[in-house]
Amino acid sequence: MPTDTGPGHLVELNTTQPIWECFYWVAPLVLIGTREADGGHDLAPKHMVTPLGWQNYFGFVCEPRHRTYQNARREGAFTVSYPRPSQLVETSLAASPRDSDGNKPALDALPVFAALGVDAPLLRGGYLFLECALERVIDGFGNNSLVVGRITAARIDPSVQRHADGDPQALLKNAPLLVYLHPERFASIDQSFSFPFPAGMRK
Ligand SMILES: Cc1cc2nc3c(=O)[nH]c(=O)nc-3n(C[C@H](O)[C@H](O)[C@H](O)COP(=O)(O)O)c2cc1C
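These notes cover the structure that comes with them.

Calculation notes
- Residues numbered from 1 in each chain as written.
- Predicted model: local features only at pLDDT ≥ 70, side-chain atom pairs only at ≥ 80, totals over all residues.
- Pairing = 2+ DSSP bridges.
- Helix = DSSP H or I, 4+ residues; strand = E, 2+ residues; numbered from the N terminus.
- Core = buried A, V, L, I, M, F, W, Y, C linked by C-beta atoms within 7 Å.
- Buried ≥ 20, exposed ≤ 12 C-beta atoms within 10 Å, placed from the backbone.
- Axes fitted to C-alpha atoms, helices over the stretch in contact; angles between N-to-C directions.
- Contact = placed C-beta atoms within 7 Å.
- Near = placed C-beta within 6 Å.
- Nonpolar A, V, L, I, M, F, W, Y, C, P; charged D, E, K, R; others polar.

Quick look at the pairing of strand E11 (residues 177-182) now. Two faces belong to every sheet, and in a regular strand the side chains alternate between them. As judged from the four bridges shared by strand E1 (residues 25-28) and E11, these two strands associate in the antiparallel manner. Note on E11: the bridge partner recorded for Pro28 is Val179. Here E11 runs beside strand E12 (residues 185-189); their pairing, made up of five bridges, is antiparallel. Paired with Val179 across the strands is Ala187, a residue of E12. Connecting E11 to the next strand, E12, in antiparallel fashion are two residues, including Glu184 with a positive phi near 70 degrees.

Counting 30 residues, the largest nonpolar core has Val30, Leu31 and Ile32 as the members making the most contacts within it. Looking at this core, the elements with two or more residues in it are strand E2 (30-35), strand E3 (41-46), strand E5 (57-62), helix H1 (67-75), strand E6 (77-82), strand E8 (121-123), strand E9 (128-141) and E11. For this core, the element with the most residues is E6, which contributes four residues.

Moving on, we come to the sheet that holds E6. With antiparallel pairing, seven strands are arranged side by side in an open sheet as E3-E2-E6-E9-E10-E5-E4. Of all strands in the sheet, those bounded by a partner on one side alone are E3 and strand E4 (49-51). Looking at each pair of strands side by side, their axes are set apart by 30 degrees on average, direction ignored. Across six bridges, E2 lies against E3 in antiparallel orientation. The residue bridging Gly33 from the neighbouring strand is Leu43, located in E3. Contacts between H1 and the sheet are confined to E2, E3, E5, E6, E9 and strand E10 (144-156), with E2 contributing the most and set at about 50 degrees to the helix.

Time to look at the site of the ligand. Residues in contact with the ligand amount to 17 residues; listed here are only the nearest, Ala44, Met48, His66, Arg67 and Thr68. Those elements that provide at least two residues to the shell around the ligand are E3, E5 and H1. Element by element, the count of residues in the shell around the ligand is highest for E3, at four residues. Split by residue class, the shell around the ligand holds eight nonpolar, four polar and five charged.

Encoded structure:
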């Protein structure tokens, strides 16, 4: 077990290069769904994703060269599907390269269903589904952009829905959560512990 021997032993990382491969970090893993210009659909995995505050905004980081970015901008909408650990392979396949015609044949392995209020696909078998109207796009974080949506519809599988009097351990055992550990690893969370909030803390 590492011990804290003071800052003298710390290794300085080179910040003229990206630092994100030098250690493992925890991220969600979702599939962003969009409508293609030719009427087809697209799903692509993203781990740089987050709620933006507590008022139902959702953001993901994407490169402008990705179809996901172009589709979301053009159509003004996208969806978010949260896959289960059992859907890891399908989730990864959605990052397969496109062929010379610009198609992503690997998407045939991913069953989809329609969103309620936006024109974009959702992944069948996932556990949480968000539909988003494009709120804004902020370009210029190096090669990357932040794509922000306002959540206009959300559906959840009852097997993962929290209830005030429910047992969190049983919920996670029954429906584990998929986590991406960048770089190149994943984890399945099927147990958790009560967080020790300080007395009097306000959100
Ligand atoms: C596990 C995993 C996580 C990924 N996370 C992101 C991400 O957060 N942002 C991003 O721009 N690309 C991410 N990618 C890469 C894109 O999803 C991938 O390049 C995809 O093929 C782009 O497809 P599109 O052109 O259909 O949008 C990830 C890929 C994998 C396998």
